[in-house]
Amino acid sequence: MSRHDDDTWDITEGVGATALTVARARAAESDAHCPLYTDPYAHFFIEAAAESGWQPAFTEETLAHIGKADDQVLARMKTMAAYIASRTKYLDEFFTTAGANGLDQVVILAAGLDTRAWRLPWISGTTIYELDQPKVLEFKEQVLRRHNARPATAYVSVPVDLRHDWPQALQQSGFDASRPTVWCAEGLLPYLSARDQDLLFERIDELSAEGSRLAVEAFGRDFYSPELMERRRERMAQARQAAADAGIDEIPDTAALWYIEARTDVADWLTDRDWEVETIDAPDLMEHYQRPPADPDVVPDTTFVAASKI
Ligand code: SAM
C-alpha cells in the first residue's frame, strides 16, 4: 500500500493493520507468565479480524517455527514484543498519574485498538476522546460491543483523519480547550509526513490549557537515516526468508508505510514552547521494566517524551 495525502484504510489494510499488530503484541503480553499489564480485549480484535480473513503473521506457533528456522530473527521479534510491552506500560502509568493529579479530560490520538478507556482505573468525571480513522474506530467499537465490554468512564469516539481539521471535530464532540488535557501520541508519528507532524503538535499546543500533559513516542533522527533503513531492509529480507522456511507466505512490512523524512525534534519543540519535558530512551525504558532486548541492535531509536504545559 503506497501512501498519499488522502489515503484511508480499514483495520486489516495498510496503516490500519498496524493497530492489529500492536493488539497481537498486547494479547501475547497479557498471556505471558508475569505480564506487565493485562489487556483482556486484545484477543477479541485478533479473533474478529481473523473472521474477516485477516491472518496474523505471528502467532506462538509461527514464532516457534521461525525460531527453528533462524534464532536471530526470533530474537528480533522478541525484542519488538518487549518494546511494545514497555511502551504500553509506560503510557498506562502516564495516564493514571495524570488522573491522580486531577486531570479528567483525555485525548488519545491515533487510538487504534488501544483499550485504556475500558481497562484503566479512571478518576470519576473523566472523559476520553479517541481519534483515528473512521473504519478503525468502527471496528473497535463493534468488537467491544459484541463482547459486552463497557468503557470504564465517559468515552467519545472522534472518527477523523489526523491530517484533516481534527481540532474542529474534537471540539464539536464536546472537548473543552479551556480545561487541562492529557494527550497521547503512541505509534503514530512515522505514519505522518514531517509537515503533518509539525501541524499536529502546533494544534495540540493551541488546544492545551495550562497544566495539560502530553506523552509522545518520538522517533530520533537516526530512525529515518538511510543507514538504518538499509539495515531494516536487510533484516526484513532475513525475516521473510525465515518466515518462508517456516511455511509463512507473507509478513507485514510496516516500514513501507512510513514517511521517511527528517523531523522536528519533539522534545526540543515542546521545550521552546514552555512545556516542561522529561524524556527516556527506549533501551532505558525497557531496562526500567526489566524487559531487556534479546537483540539490542533492533530496539527502535525512540524517546518517550512526557511533557507538562506550564
Ligand atoms: N496508538 C495505538 C496503539 O499503540 O495501540 C495504535 C498504533 S498503530 C501502530 C497506528 C495507528 O495510527 C492506527 O490505528 C492508524 O489508523 C492510526 N493513524 C495513522 N495515521 C493516521 C491518520 N492520518 N489519521 C488517523 N489515524 C491515523
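Residues numbered from 1 in each chain as written. Predicted model: local features only at pLDDT ≥ 70, side-chain atom pairs only at ≥ 80, totals over all residues. Heavy atoms only, no water.

Per an unreviewed UniProt entry, the protein is named S-adenosyl-L-methionine-dependent methyltransferase, and its organism is Mycolicibacterium anyangense. The UniProt entry for the protein carries the following comment under Function (unreviewed entry): "Exhibits S-adenosyl-L-methionine-dependent methyltransferase activity." UniProt, in the comment section headed Sequence similarities (unreviewed entry), describes the protein in these words: "Belongs to the UPF0677 family." (UniProt positions renumbered as here; feature names shortened; annotations may be inferred.)

A. Representation of helix H2 (residues 42–51) within the structure. Turning to H2, its buried residues are Ala42, Phe45, Ile46, Ala48 and Ala49. Looking straight down H2, one finds its buried side chains confined to an arc of 165°; they lie on one side. Where H2 is buried, its residues touch helix H1 (14–31) and helix H6 (134–146). Glycine 53 lies just past H2 and shows a positive phi near 105°. (Buried < 20%, exposed > 50% of the residue type's maximum accessible area, 1.4 Å probe, protein only. Helix = DSSP H or I, 4+ residues; strand = E, 2+ residues; numbered from the N terminus. Arc of directions from axis to C-beta. Contact = heavy atoms within 4.5 Å.)

B. Representation of the packing of aromatic side chains. Per the stated rule, a full pass over the model turns up 14 aromatic pairs. Ring geometry for phenylalanine 94 versus phenylalanine 95: centroids 5.5 Å apart, planes at 65°, classification edge-to-face. An identical accessibility class is assigned to phenylalanine 94 and phenylalanine 95; each is buried. Positioned above the aromatic ring of phenylalanine 223, the side-chain terminus of arginine 232 is 4.4 Å from the ring centre. (Phe/Tyr/Trp six-rings, centres within 6.5 Å; stacked < 30°, edge-to-face > 60°. Lys NZ or Arg CZ within 6 Å of the ring centre and 35° of its normal.)

C. Quick peek at the site of the ligand. Near the ligand, the surroundings consist of 22 residues, among which Trp9, Arg26, Ala110, Asp132 and Glu186 are the closest. Tryptophan 9 is positioned with one of its side-chain polar atoms (N or O) 2.8 Å from an oxygen atom of the ligand. Between the ligand and the protein, one listed contact pairs an oxygen atom with a side-chain N or O atom of arginine 87 at 3.1 Å. Coverage of the ligand by the protein chains reaches 98% of its 590 Å² of free accessible surface. (Near = heavy atom within 4 Å. Polar contact = N/O pair within 3.5 Å; in protein donor to acceptor, adjacent residues only side chain to side chain. Areas by Shrake-Rupley, 256 points an atom, 1.4 Å probe, with all protein chains shown as cover.)

D. Expanded view of the environment of aspartate 301. As for its placement among the helices and strands, aspartate 301 is situated in the loop between helix H11 (282–288) and strand E7 (302–309). Taking the C-alpha atoms as reference points, aspartate 301 and leucine 192, separated by 109 residues in sequence, lie 17 Å from one another. Residues in contact with aspartate 301, not counting those within four places in the same chain, are Ala218, Phe219, Gly220, Arg221, Asp222 and Phe223. Within the local environment of aspartate 301, its side chain forms a polar contact with the backbone nitrogen of phenylalanine 223, the two atoms lying 3.2 Å apart.

E. Expanded view of the packing of H1 against helix H4 (residues 71–100). Where H1 contacts H4, the axes come no closer than 9 Å and their chain directions differ by 85°. By the angle between their directions, the pair H1 and H4 is classed as roughly perpendicular. Between H1 and H4, the contacting residues are Val22, Ala25, Arg26 and Glu29 on the first element and Ile84, Ala85, Arg87 and Thr88 on the second. In terms of residue class, the contact of H1 with H4 is made up of 4 nonpolar, 1 polar and 3 charged. (Axes fitted to C-alpha atoms, helices over the stretch in contact; angles between N-to-C directions. Parallel < 35°, antiparallel > 145°, perpendicular 65-115°, else oblique. Nonpolar A, V, L, I, M, F, W, Y, C, P; charged D, E, K, R; others polar.)

F. The arrangement of the packing of H1 against H2 in detail. Contact pair H1 / H2: the axes reach a minimum separation of 8 Å and the direction vectors enclose 130°. Comparing the axis directions of H1 and H2 gives the class oblique. The way H1 lies across H2 gives a crossing that is left-handed. Residues Leu20, Ala23, Arg24, Arg26, Ala27 and Asp31 of H1 pack against Ala42, His43, Phe45, Ile46 and Ala49 of H2. When the residues that make up the contact of H1 with H2 are grouped by side-chain class, the tally is 7 nonpolar, 1 polar and 3 charged. (Left-handed = near helix turned anticlockwise from the far one by under 90°.)

G. Up close: the pairing of strand E4 (residues 182–185). The alternating pattern of E4 places Val182 and Cys184 and Trp183 and Ala185 on opposite faces, both of which are buried. Judged from the 4 bridges that link them, strand E1 (residues 105–109) and E4 form a sheet pairing that is parallel. Bridged to isoleucine 108 within E4 is cysteine 184. Handedness of the crossover is the feature at issue here: the chain leaves E4, passes through helix H8 (residues 194–207), returns alongside strand E5 (residues 213–219), and the resulting connection is right-handed. (Pairing = 2+ DSSP bridges. Right-handed = clockwise from strand over helix to strand, strands pointing away.)

H. Highlighting the layout of surface pockets. Estimates place the volume of the second largest pocket at around 320 Å³. Around the second largest pocket sit 13 residues that line it, and Tyr90, Phe94, Glu278, Ala306 and Ala307 are the ones nearest its centre. Sorting the residues of the lining of the second largest pocket by element identifies H4, strand E6 (275–281) and E7 as the ones contributing at least two each. In terms of residue class, the lining of the second largest pocket is made up of 6 nonpolar, 3 polar and 4 charged. (1 Å grid on protein atoms, 1.4 Å probe; cavity = no way out; pocket = protein on both sides within 12 Å on 5 of 7 lines; lining within 4 Å. Points joined across faces, edges and corners; volume = space filled by probe spheres on them.)

I. Quick peek at the pattern of salt bridges. Going through the model one piece at a time under the given rule, you end up with 23 salt bridges. A salt bridge links glutamate 186 to arginine 26; the shortest N-O distance between them is 3.0 Å. Here the residue glutamate 186 occupies a position in the loop between E4 and H8, and arginine 26 occupies one in helix H1, the gap between them amounting to 160 residues. Of the two residues examined, glutamate 186 and arginine 26, each falls in the buried class. Close ionic contact of glutamate 186 with arginine 87 constitutes a salt bridge, the shortest N to O distance being 3.2 Å. One end of the pair, glutamate 186, is in the loop between E4 and H8; the other, arginine 87, is in helix H4, with 99 residues separating them in the sequence. Grouping residues by exposure puts glutamate 186 and arginine 87 together as buried. Each of the salt bridges in this network shares a partner with another, and the network as a whole consists of Arg26, Asp39, Arg87, Asp92, Asp114, Arg116, Arg119, Glu186 and Glu217. (Salt bridge = Lys/Arg side-chain N within 4 Å of Asp/Glu carboxyl O.)

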